[in-house]
Amino acid sequence: MASCAYCDGFILFGGVKDGEQRFCNAKCAAKGQVLRVASALPVDQVEKQVRAIHAGNCPKCGGAGPVDVHTSHRAMSALVVTQWSSHPLVSCVSCGTKAQLRDSAITLLLGWWGLPWGVVMTPVQLGKNIYGMLKKPDPREPTAALHRVVSSNMAAQEISLRM
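Quick caveat: nothing in here was measured; it's all calculated off a predicted structure.

Engineer: Which residues make up helix 3 (residues 93–110), and what values do they have?
Structural biologist: The periodicity of an α-helix, 3.6 residues per turn, causes residues three or four places apart in sequence to face the same way. Compared with the 26 Å implied by 1.5 Å per residue over 18 residues, the 25 Å span of helix 3 between its first and last C-alpha is a close match. Listed in full, the buried residues belonging to helix 3 are Cys95, Gly96, Thr97, Ala99, Gln100, Asp103, Ser104 and Thr107.

Engineer: Residues and numbers for the environment of Gly111, please.
Structural biologist: On the secondary structure map, Gly111 appears in the loop between helix 3 and helix 4 (117–134). Linking Gly111 and Ser77, residues 34 residues apart in sequence, is a C-alpha distance of 5.1 Å.

Engineer: Requested: an account of the pattern of salt bridges, with residues and values cited.
Structural biologist: The full count for this structure, using the stated rule, is 7 salt bridges. Across the pair Asp103 and Arg74 runs a salt bridge, and its minimum N-O distance is 2.8 Å. Linking Asp103 in helix 3 with Arg74 in strand 5 (residues 68–78), this pair joins segments that are 29 residues apart in sequence. Taken together, the shared-partner salt bridges in this structure form one network comprising Glu47, Arg51 and Glu141.

Engineer: Which residues make up the confidence of the model for the protein, and what are the values?
Structural biologist: Confidence along the protein averages 91 in pLDDT terms, with 99% of residues attaining 70 or more. Per-element confidence in the protein is highest for helix 3, whose mean pLDDT is 97, and lowest for strand 2 (residues 10–11), whose mean pLDDT is 78.

Engineer: Report on the nonpolar core, specifying residues and quantitative values.
Structural biologist: Among the nonpolar cores identified, the biggest contains 12 residues, and these are Val34, Val37, Ala38, Leu41, Val46, Val50, Val69, Leu146, Val150, Met154, Ala155 and Ile159. When residues of this core are traced back to their parent elements, those giving at least two are helix 1 (26–39), helix 2 (43–55) and helix 5 (144–162). Of all the elements, helix 5 adds the most residues to this core, at 5 residues. If near-sequence neighbours (up to four positions away) are discounted, Val37 is found in contact with Ala155, Glu158, Ile159 and Arg162.

Engineer: Just give me the short version of helix 4, but keep the residues and values in it.
Structural biologist: The first and last C-alpha atoms of helix 4 sit 26 Å apart over 18 residues, in line with the 26 Å expected at 1.5 Å per residue. Of the surrounding elements, those touching the buried residues of helix 4 are strand 5, strand 6 (81–91) and helix 3.

Engineer: Describe the environment of Gln100, and please don't skip the residues or the numbers.
Structural biologist: Residue placement: Gln100 occurs in helix 3. Measuring from C-alpha to C-alpha, the distance between Gln100 and Gly132 comes to 7.7 Å, with 32 residues separating the pair along the chain. Among all residues touching Gln100, those that are not within four sequence positions of it are Thr71, Ser72, Asn129, Gly132, Met133 and Lys136.

Engineer: So, the packing of helix 3 against helix 4: which residues are in play, and what are the values?
Structural biologist: Following both chains from N to C, one finds helix 3 and helix 4 inclined at 160 degrees, their axes separated by 10 Å at the closest point. Looking at the two axes, helix 3 sits roughly antiparallel to helix 4. The element helix 3 and its partner helix 4 pack so that their crossing is left-handed. In this structure, helix 3 contributes Thr97, Gln100, Leu101, Asp103, Ser104, Thr107 and Leu108 to the contact, and helix 4 contributes Thr122, Gln125, Leu126, Asn129, Gly132 and Met133.

Engineer: Explain the side chain of Thr122 to me, and be specific about the residues and the numbers.
Structural biologist: Here Thr122 lies in helix 4. The exposure class of Thr122 is buried, given its relative accessible area of 0%. In terms of polar contacts, Thr122 uses its side chain to reach the backbone amide nitrogen of Trp112, at 3.5 Å.

Engineer: Any chance you could break down the pairing of strand 6 for me, citing the residues and the numbers?
Structural biologist: In terms of strand pairing, strand 5 meets strand 6 through 11 bridges, oriented antiparallel. Bridge pairing in strand 6 places His73 opposite Ser86. Hairpin connection of strand 5 to strand 6: 2 residues between the antiparallel strands, including Leu79 at a positive phi of 55 degrees.

Conventions used here
Residues numbered from 1 in each chain as written. Predicted model: local features only at pLDDT ≥ 70, side-chain atom pairs only at ≥ 80, totals over all residues. Heavy atoms only, no water. Helix = DSSP H or I, 4+ residues; strand = E, 2+ residues; numbered from the N terminus. Expected span 1.5 Å × (residues − 1). Buried < 20%, exposed > 50% of the residue type's maximum accessible area, 1.4 Å probe, protein only. Salt bridge = Lys/Arg side-chain N within 4 Å of Asp/Glu carboxyl O. pLDDT = per-residue confidence, 0-100. Core = buried A, V, L, I, M, F, W, Y, C linked by side-chain atoms within 4.5 Å. Contact = heavy atoms within 4.5 Å. Axes fitted to C-alpha atoms, helices over the stretch in contact; angles between N-to-C directions. Parallel < 35°, antiparallel > 145°, perpendicular 65-115°, else oblique. Left-handed = near helix turned anticlockwise from the far one by under 90°. Polar contact = N/O pair within 3.5 Å; in protein donor to acceptor, adjacent residues only side chain to side chain. Pairing = 2+ DSSP bridges.

Spelled out as structure tokens, the structure:
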């Protein structure tokens, strides 16, 4: 029994091997490569970029920061099919809250209509949104999530320059 080196998902058959690592699909393998490059980036360069983004204006609305990662959660169902997802957004608190409210409304309207997972996941996703709206990131310090996003973006840029 193997698990994906990127998403930690369960791999029953096949998968994609890259050296010693195994991924559930090619998409996770590509993201795994980005993480390897990100871990090799100079820490001071990443920290400088993180601090600049955190102190800058919101990339979504252009308003004043602090800017950080805010995640909204959604569930949608139709009879026996239910899809749930999380959407990280680099933005100010106001834009992050708007995304959480939007996804909560979508979940309230469309989440309940699938059995059994719609009935189970709708309250879970709503609870995650409520928790996210009540527990905001510390405005004085960037979160680990912002560090991950910035280092991944820097690594992706470096990979594209190599090609």
